[in-house]
Structure formats: C-alpha cells, structure tokens
Amino acid sequence: MSTSSAEIQLPLDGNPSPTLGDVLSSPWIYLAVETAEGKFTELSFKTDHGSNVSSVPIVTAERLALRMSPRKGRYEIKSSSGRSVVEARLGHITARFLTMPGYEFKWPCIFVPS
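Counting starts from 1 at the beginning of each chain's written sequence and moves along it residue by residue. At least 70 in pLDDT is required for a residue's local features to be given in this predicted model, at least 80 for side-chain atom pairs to be given and counted, and no such filter applies to totals for whole chains, interfaces and linings, which use all residues. Side-chain metrics in this entry use all non-hydrogen atoms of the structure; hydrogen atoms and water are not considered.

## Some thoughts on the overall build of the protein chain
Think of it this way: any DSSP run of H or I at least four residues long counts as a helix, any run of E at least two long counts as a strand, and we number them from the N terminus. In terms of regular secondary structure, the protein chain is built from 1 helix and 8 strands. Sequence-ordered secondary structure for the protein chain, helices as α and strands as β, is β-β-β-β-β-α-β-β-β. Buried residues in the protein chain amount to 27% of all 114 residues. For the protein chain, the proportion of contacts with a sequence separation of at least 24, taken over those separated by at least 6, is 37%. Here, Shrake-Rupley sampling with a 1.4 Å probe gives the accessible areas, and only protein chains in the shown set may cover a residue. Here the protein chain has roughly 8,300 Å² of accessible surface; of this, 51% comes from carbon and sulfur atoms. Only protein chains enter the area calculation, which uses a 1.4 Å probe; residues under 20% of their type maximum are buried, those over 50% are exposed, and those in between are partly exposed. Contact criterion: two residues are considered in contact whenever any of their non-hydrogen atoms come within 4.5 Å of each other.

Printed below as a string of structure tokens:
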C-alpha cells in the first residue's frame, strides 16, 4: 500500500516577530466559508496548530448566514486562557482557501457566544 502527501503553503498575515524573524507572530488565514444559501463569503481565522476544531462566534455566523445547528448544548472549552463551560452549537464549516478555488474543505466547528 502506498501513501501520498502534498504540502499546502498558505499565505499568512501578521507582523514579523522581532525575535523570530520571518516567522509571523499573528498567523491569520482568510477563507471563503459557505453560507446557508450555498454562497461563499470571506472570513478570517487565527490558526492554532494545537486545535482540532474551529470556532466561530454565533453572532458572526448569524450575520454571515452560516449553516449551524439550531440545537444548543453546554460544552467545556479548553484554550490557552484556560477552561470554561459555554452554551454553544456544534457543527461544521465548509470553506475554500482563497488561493485554491474549487477545492473545498469541511471540518468541525463550534459556534460560541462572543
């Protein structure tokens, strides 16, 4: 059995770190995210290589008409600032990298209070 891999280089936005040189201190990516109407709208995400789920504030999802579950639940959120329990909605987002039109990604998302 053989496997293959591909490397995707994403343009990151941010300010170069004075101590790390070309490594960006605030890596943001810009995605075209699918709305409930099937259209795509641009949304920025701060990358976190240690995360296994994306998060979007509920107010942002409502403003952009993103698809999200109507059911809310209480979930424990672990982040760099600690742990908290929030009432949120689980779901997923479908998005495209702006530099790769036509190639869609779907991954888990938690829609959280702002």
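## So, the pairing of strand β6 (residues 73-79)
Each regular strand shows side chains that alternate between the opposite faces of the sheet. At least two bridges found by DSSP between two strands is the condition for calling them paired. Strand direction decides the pairing type here: β6 and strand β7 (residues 82-97), joined by 7 bridges, are antiparallel. Residue pairing across strands places Gly73 opposite Ala88, the latter belonging to β7. Taking the residues between adjacent antiparallel strands as the criterion, β6 and β7 are bridged by 2 residues.

## What about the nonpolar core?
Buried residues of nine kinds, namely Ala, Val, Leu, Ile, Met, Phe, Trp, Tyr and Cys, make up a nonpolar core once their side-chain atoms join them within 4.5 Å. Counting 17 residues, the largest nonpolar core has Leu31, Val33, Leu43, Phe45, Val56, Leu66 and Phe111 as the members making the most contacts within it. For this core, the secondary structure elements donating two or more residues are β3 (28-34), β4 (40-46), α1 (58-63), β7 and β8 (104-112). Not counting chain neighbours up to four residues away, the residues in contact with Leu66 comprise Val33, Glu34, Thr35, Ala36, Thr41, Leu43, Val56 and Ala61.

## Points about the packing of aromatic side chains
The rule is short: rings of Phe, Tyr and Trp, with Trp giving its six-membered ring, pair when the centres are within 6.5 Å, and they are stacked under 30 degrees, edge-to-face over 60, tilted in between. As enumerated under the stated definition, the model contains 3 aromatic pairs in all. Relative to Phe105, the ring of Phe97 has its centre 4.7 Å away and its plane inclined at 80°; by these criteria the two rings are edge-to-face. Of the two residues examined, Phe97 and Phe105, each falls in the buried class. Taken together, the ring pairs connect Phe97, Tyr103, Phe105 and Trp107 into an aromatic cluster. Over the ring of Phe40 we find Arg96, and its NZ or CZ is 3.7 Å from the ring centre. Charge over a ring is defined by NZ of Lys or CZ of Arg lying within 6 Å of the ring centre and within 35 degrees of the ring normal.

## Things to note about the pattern of salt bridges
One side-chain nitrogen of Lys or Arg within 4 Å of one carboxyl oxygen of Asp or Glu is enough to make a salt bridge. Per the stated rule, a full pass over the model turns up 3 salt bridges. Salt-bridge contacts for Arg67 lead to Glu34; the nearest nitrogen and oxygen are separated by 3.7 Å. Placement of Arg67 in the loop between α1 and β6 and of Glu34 in strand β3 is noted, with a sequence separation of 33 residues between them. On the accessibility criterion, Arg67 (43% relative accessible area) is partly exposed. Accessibility expressed as a relative area gives 17% for Glu34, which makes it buried. For the salt bridge of Glu76 with Arg83, the shortest nitrogen-to-oxygen distance reads 3.4 Å.

## Considerations on the confidence of the model for the protein chain
Per residue, pLDDT captures the predictor's confidence, and it can take any value from 0 to 100. On average, residues of the protein chain carry a pLDDT of 76, and 75% of them reach 70 or more. α1 holds the highest mean pLDDT among the elements of the protein chain, 91, whereas strand β1 (residues 16-17) holds the lowest, 51. Below a pLDDT of 50 lies the segment residues 1-12, which in the model reaches 11 contacts outside its immediate sequence neighbourhood of four places, other chains included.

## A few points about the environment of Leu98
Assignment of secondary structure puts Leu98 in the loop between β7 and β8. Sequence spacing of Leu98 and Leu31 is 67 residues, and the spatial spacing of their C-alpha atoms is 5.8 Å. Apart from residues lying up to four places away in sequence, Leu98 is in contact with Tyr30, Leu31, Ala32 and Glu42.

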